[in-house]
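Chain by chain, the residues:
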Amino acid sequence: MKTIKEITPLKSNAPFVILRHKNAKFDYSIHYHNEFELNLITNLKGKRIVGDSIEECDSVDLTLLGPDLKHIWKSNEEISNADVTTIQFQEQFLPPKILDYEIFKDIRTLLESSKRGISIQDPTKTKIVKKISRLKDADHFGSFLLFLEILHDLSKSDDKKILSSAAGNNYSQHSESRRITIVINYIENNYNKQIKLATLAEMINMSESAFSHYFKKRTGQSFIKYLLDHRLSIVTKLLSETNIPINEISYMTGFITLSNFNRSFKKKHGVSPKQYRINYINHVEE
């Protein structure tokens, strides 16, 4: 289950690099790198692992992956006919000042979200695949403009699906609110304990009802749902990266009973913790 850090061929003076592979064998190890990656795979029948997400892929797979996010694709076929086009680019491929402009707000949000991995669905996928086929070398000015157009299209699309849970990539959503940062930091440092809504409300001088409304507005989730998702994301990380017994993982991540732990995990991932670990090991090491 060892994860390898990949050194990409991207040069410091290039905005991005385009890599194309025909009949890809998918024989590399699960890996990560410091760069963003827009990955297009065609003629694929297999599985994709991104962070703690494991999904079946069929025919055309288009994903946007952020830095340091572990990932791997595995083909179900002995002889692969899959073609891969990978576009890698640095986090600073656009200066921070430009990303602060209002017209780049959606792209900035897209790149932040990609740190958990994004799967792009149709009809946007078909549209982007056509534009990727038109991309030429990275030093071609027209290609740079087309690449920005691709990112803009993705940022405006509703056909996006977040793949990995937050802790699956050590992901932390940056927030301009000092109060929500205090709360999120407290949850991340105390998820293995019983956390009461009243405690968090008191920390930022709010009533419980006002805090509940505020928290959901800032995170898009209720406090209970956010805490549960955070705990489960830690669980998947421990299942995939350690050999710690499952009952110990349940205790370590703040679940009161093993039955509640198993029920909550299966509801989110569709399989038991034991089966998730088996699936992960099989897909990564096969």
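Residues numbered from 1 in each chain as written. Predicted model: local features only at pLDDT ≥ 70, side-chain atom pairs only at ≥ 80, totals over all residues. Heavy atoms only, no water.

A. Local environment of helix 8 (residues 223-241). Its 19 residues give helix 8 an end-to-end C-alpha distance of 27 Å, which sits within 8% of 27 Å, the value for a rise of 1.5 Å per residue. Across the 19 residues that make up helix 8, a large majority, 14, are buried. (Helix = DSSP H or I, 4+ residues; strand = E, 2+ residues; numbered from the N terminus. Expected span 1.5 Å × (residues − 1). Buried < 20%, exposed > 50% of the residue type's maximum accessible area, 1.4 Å probe, protein only.)

B. Main features of the pattern of salt bridges. If you walk through the whole model with that rule in mind, you get 16 salt bridges. For E149, the salt bridge goes to K131, with nearest N and O atoms at 2.4 Å. Linking E149 in helix 4 (residues 141-156) with K131 in helix 3 (residues 124-133), this pair joins segments that are 18 residues apart in sequence. Between E241 and K237 there is a salt bridge, and its shortest N-O distance comes to 3.4 Å. Highlighted residues: E241 and K237, both in helix 8, separated by four residues, approximately one helical turn. The exposure class assigned to E241 is partly exposed, which follows from its relative accessible area of 37%. It is possible to trace a salt-bridge network through shared partners that takes in R48, E55, D61 and K161. (Salt bridge = Lys/Arg side-chain N within 4 Å of Asp/Glu carboxyl O.)

C. Looking closely at helix 3. Residues of helix 3 that are buried: T124, K125, I128, K131 and I132. One side of helix 3 carries all its buried residues, which in axial view fall inside an arc of 125°. In helix 3, the exposed positions angled more than 90 degrees off the buried face are occupied by K130 and S133. (Arc of directions from axis to C-beta.)

D. Structural view of the layout of surface pockets. Of the voids in this model, the second largest pocket is the one considered here, and its volume is about 330 Å³. If you trace the second largest pocket, you find 20 residues lining it, with E6, H21, Y28, H31 and T86 closest to the centre. When residues of the lining of the second largest pocket are assigned to their parent elements, the largest contribution, three residues, is made by strand 7 (residues 83-89). Here the lining of the second largest pocket is composed, by residue class, of seven nonpolar, eight polar and five charged. (1 Å grid on protein atoms, 1.4 Å probe; cavity = no way out; pocket = protein on both sides within 12 Å on 5 of 7 lines; lining within 4 Å. Points joined across faces, edges and corners; volume = space filled by probe spheres on them. Nonpolar A, V, L, I, M, F, W, Y, C, P; charged D, E, K, R; others polar.)

E. Broad picture of the pairing of strand 5 (residues 53-65). Note: strand 4 (residues 36-50) against strand 5, 13 bridges, orientation antiparallel. Within strand 5, the residue paired with I41 across the bridge is D61. Where strand 4 hands over to strand 5, the hairpin turn is made up of two residues, of which G51 adopts a positive phi near 60°. Where strand 5 and strand 8 (residues 118-120) come together, two bridges link them in antiparallel fashion. What sits directly across from T63, in strand 8, is S119. (Pairing = 2+ DSSP bridges.)

F. Geometry of the nonpolar core. In this structure, L38, I87, F89, F93, I132 and F147 are the most contacted members of the largest nonpolar core, which totals 28 residues. The set of elements that each furnish at least two residues to this core consists of strand 2 (16-21), strand 4, strand 5, strand 7, helix 2 (105-113), strand 8, helix 3 and helix 4. At seven residues, helix 4 tops the list of elements feeding residues into this core. Non-local contacts of F89, meaning those with residues more than four positions away in its chain, are made with L10, P15, F16, E35, F36, E37, L64, L111, F147 and L151. (Core = buried A, V, L, I, M, F, W, Y, C linked by side-chain atoms within 4.5 Å. Contact = heavy atoms within 4.5 Å.)

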